[in-house]
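Residue-level listing of the chains:
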Amino acid sequence: MKILILSTWFPYPPIQGSKIRAYNMIRSLSQENEVAIISFQDTPINDKWIEHLHQYCKKVIVVDHHPFHYPRIKTWLGFFTTLPSSVVAGYSKKMATTVQNFSVDWQPDLVIALTFVTAPYALKIPHTLRVVDMDNLLALMLRDLFLNAAGFFQKQRRYLAYWKFRNYENQIYQKFDLALVCSDLDKSRAAEYINLPQERIIAIPNGVETKIPLVQNNTSSNHNLIFNGSLSYWPNFDAMNFFLSEIFPFIIETIPDCKLLITGKNENVDISLLPRRNGHVIFTGFVDDITSLVSSCAACVVPLRHGAGTRLKILEAMAAGTPVVTTSKGAEGLDVQHGQHLLLADSPKDFADSTICILQNQILREKIIREGRNLVENVYDWRIIGEKLNRTIQLLAASK
């Protein structure tokens, strides 16, 4: 089957959650299909990156347009329509033309739009099967922002954004033959406001590579914590503000040499707004080998309070043999059990106590490391997920 992928982000190198998902979906589909990709240019692209993607894609086309850099005038115009401002301001005629022209020549059997950003361009291709990967359900995140808004005007503005996006997602996703989500939980949530039959919403989980042997570098004297997420993503920033303000002081009081490493690029992020905790916090910046850094730390903390989808940072830590402490929100959509695969805690004191416990209780540490690794090997390995994705596509093609 000839499959055309429309990507919001250039999916290589796979250095953040959405790119990791896109890259592994492409790699999996290429094993049984002929794949081509048309991608926005969300970052300056190295020729070697394009060369790498040619291992999996017959054709790699990059559209010179950033999907999230909006002209101010178009953003204002979007405010006065029933469509989300980001949809109006971010629409690219260049992408639409590129997709249409390539499809006429290549004649794909199926097109996959990665996120709502590329969904409108998939609809430009007639006489083909259409699949959309909803990834993070943005309407749900906007609903969280609305519910947590402070003040009348902020609440009204955020409600309008949520209302527009909920209606837009419902309207556009109905035009696809299949919609992919990250978990069964997201499937049930999507079905609440997107008018699609349950059988047309399929859970394709996020995953990790588990080929690398588990190496446990942690010792009883290692009290380093890690948060392996970019602060440019608002729920991550909120999580770190919550942790440093309300949780970390309890931990430092009991374990004075404890340090927190925060990874990821911080351009356009005012990290001065976060408490520094007197040298106990280290901003590593972008790290080439995140697996080695995560495996060198005693625990991974994921104190998320907002967001949707599933958290690759948790799966990465489990694969690396680093025990995880997270919130109920952080563990949403993952097939995990408290006390077996990780520790769950929602209040600041409970989160701190759980983190201290994982640092000091070696028997519990070893159990969680072992069970977490088993889980990702048997459920969240990309080899297993890729097989499910290919079966899903084959069944869709056979049904038409």
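See the structure printed just above.
**A look at the packing of helix α10 (residues 234-254) against helix α13 (residues 348-360)**
Here comes step 1: Two elements in contact, α10 and α13, have axes separated by 9 Å at closest approach and are oriented at 45°. The angle between α10 and α13 places the two elements in the oblique class. Considering only the axes of α10 and α13, their crossing is right-handed. Where α10 abuts α13, its residues F242, F243, E246, I247, F250, I251 and T254 lie against P348, K349, F351, A352, T355, I356 and Q360.
Here comes step 2: Taken together, the residues of the contact of α10 with α13 sort by class into 9 nonpolar, 3 polar and 2 charged.

**Side note on the packing of aromatic side chains**
Here comes step 1: In the structure shown here, the tally under the stated rule is 14 aromatic pairs.
Here comes step 2: Their ring planes at 80° and their centres at 6.1 Å tell us that F243 and F351 sit as a pair that is edge-to-face. Note that F243 is positioned in helix α10 and F351 in helix α13, a separation of 108 residues in sequence. When sorted by exposure, F243 lands in the same class as F351, which is buried.
Here comes step 3: Aromatic rings pair up to connect Y12, Y23 and Y56 into one cluster.
Here comes step 4: Directly above the ring of F146 sits K155, whose terminal nitrogen or CZ lies 5.1 Å from the centroid.
Here comes step 5: Here K349 stacks its cationic end above the ring of F250, 5.8 Å away from the centre of that ring.

**Thoughts on unusual backbone geometry**
Peptide bonds are trans in most cases, and residues, glycine excluded, mostly fall at negative phi.
Here comes step 1: Residue P13 is reached from Y12 by a cis peptide bond, and omega for that bond is 0°.
Here comes step 2: Turning to its location among the elements, P13 is positioned in the loop between β1 (2-7) and α1 (17-30).
Here comes step 3: One non-glycine residue with positive phi stands out, namely T115, at about 85°.
Here comes step 4: Its place among the elements puts T115 in the loop between β4 (110-114) and α6 (119-122).
Here comes step 5: In this structure, H127 is a non-glycine residue whose phi angle is positive, near 55°.
Here comes step 6: Within the element layout of this structure, H127 appears in the loop between α6 and β5 (129-133).

**Section: a nonpolar patch on the surface**
Here comes step 1: There is a patch of nonpolar side chains on the surface, built from W76, F79, F80, Y159, L160 and W163 and spanning about 640 Å² of accessible area.
Here comes step 2: Taken together, the elements giving at least two residues each to the nonpolar patch come down to α3 (72-79) and α8 (152-173).
Here comes step 3: No other element matches α8, which puts 3 residues into the nonpolar patch.
Here comes step 4: Tracing the chain through its elements places F79 in helix α3.

**A short note on the nonpolar core**
Here comes step 1: Counting residues in each nonpolar core, the largest one holds 89 residues, and the members touching the most others are L225, F243, F248 and L260.
Here comes step 2: No other element matches the 10 residues that α10 contributes to this core.
Here comes step 3: Not counting chain neighbours up to four residues away, the residues in contact with F243 comprise L225, F248, P249, I251, L260, V301, P303 and F351.
Here comes step 4: Core analysis: the next-biggest nonpolar cluster, separate from the first, contains 42 residues, V99, F102, V117 and I194 among them.

**Let's talk about the state of the cysteines**
Here comes step 1: The full count for this structure, using the stated rule, is 0 disulfides.
Here comes step 2: Here C182 stays unpaired: no disulfide links it, and the sulfur of C300, its closest cysteine neighbor, is 18 Å away.
Here comes step 3: You can call C182 buried: its relative accessible area is 2%.
Here comes step 4: Between C297, a cysteine without a disulfide, and C300, which holds the nearest cysteine sulfur, the sulfur-to-sulfur distance is 8.6 Å.

**Remarks on the sheet that holds strand β12 (residues 324-326)**
Here comes step 1: Read across the sheet, 6 strands follow the order β10-β9-β8-β11-β12-β13 without closing on themselves; strand pairing throughout is parallel. The open sheet is flanked by β10 (281-285) and β13 (343-344), the only strands paired with a single partner.
Here comes step 2: Looking at chain direction, β12 and β13 are connected through 2 bridges and run parallel. The residue bridging T326 from the neighbouring strand is L344, located in β13.
Here comes step 3: With respect to the sheet, α10 is in contact with β8 (224-227), β9 (259-263), β10 and β11 (299-302), its orientation differing from that of β9 by roughly 175°.

**A word on the environment of T97**
Here comes step 1: Mapped onto the elements of the fold, T97 is located in helix α5 (residues 93-106).
Here comes step 2: Linking T97 and R72, residues 25 residues apart in sequence, is a C-alpha distance of 23 Å.

**Here's the deal with helix α9 (residues 184-193)**
Here comes step 1: What α9 keeps buried is the set D186, R189, A190 and Y193. Buried residues of α9, seen end-on, are gathered within an arc of 100° and therefore sit on one face of the element. Opposite its buried face, α9 presents the exposed residues D184 and E192, each directed more than 90 degrees away.

Rules behind the numbers
Residues numbered from 1 in each chain as written. Predicted model: local features only at pLDDT ≥ 70, side-chain atom pairs only at ≥ 80, totals over all residues. Heavy atoms only, no water. Axes fitted to C-alpha atoms, helices over the stretch in contact; angles between N-to-C directions. Helix = DSSP H or I, 4+ residues; strand = E, 2+ residues; numbered from the N terminus. Parallel < 35°, antiparallel > 145°, perpendicular 65-115°, else oblique. Left-handed = near helix turned anticlockwise from the far one by under 90°. Contact = heavy atoms within 4.5 Å. Nonpolar A, V, L, I, M, F, W, Y, C, P; charged D, E, K, R; others polar. Phe/Tyr/Trp six-rings, centres within 6.5 Å; stacked < 30°, edge-to-face > 60°. Buried < 20%, exposed > 50% of the residue type's maximum accessible area, 1.4 Å probe, protein only. Lys NZ or Arg CZ within 6 Å of the ring centre and 35° of its normal. Patch = residues over 30% accessible without salt bridge, like charges linked within 9 Å, V, L, I, M, F, W, Y side chains within 5 Å. Areas by Shrake-Rupley, 256 points an atom, 1.4 Å probe, with all protein chains shown as cover. Salt bridge = Lys/Arg side-chain N within 4 Å of Asp/Glu carboxyl O. Core = buried A, V, L, I, M, F, W, Y, C linked by side-chain atoms within 4.5 Å. Disulfide = S-S within 2.5 Å. Pairing = 2+ DSSP bridges. Arc of directions from axis to C-beta.

So yeah, pure geometry; function would need other evidence.
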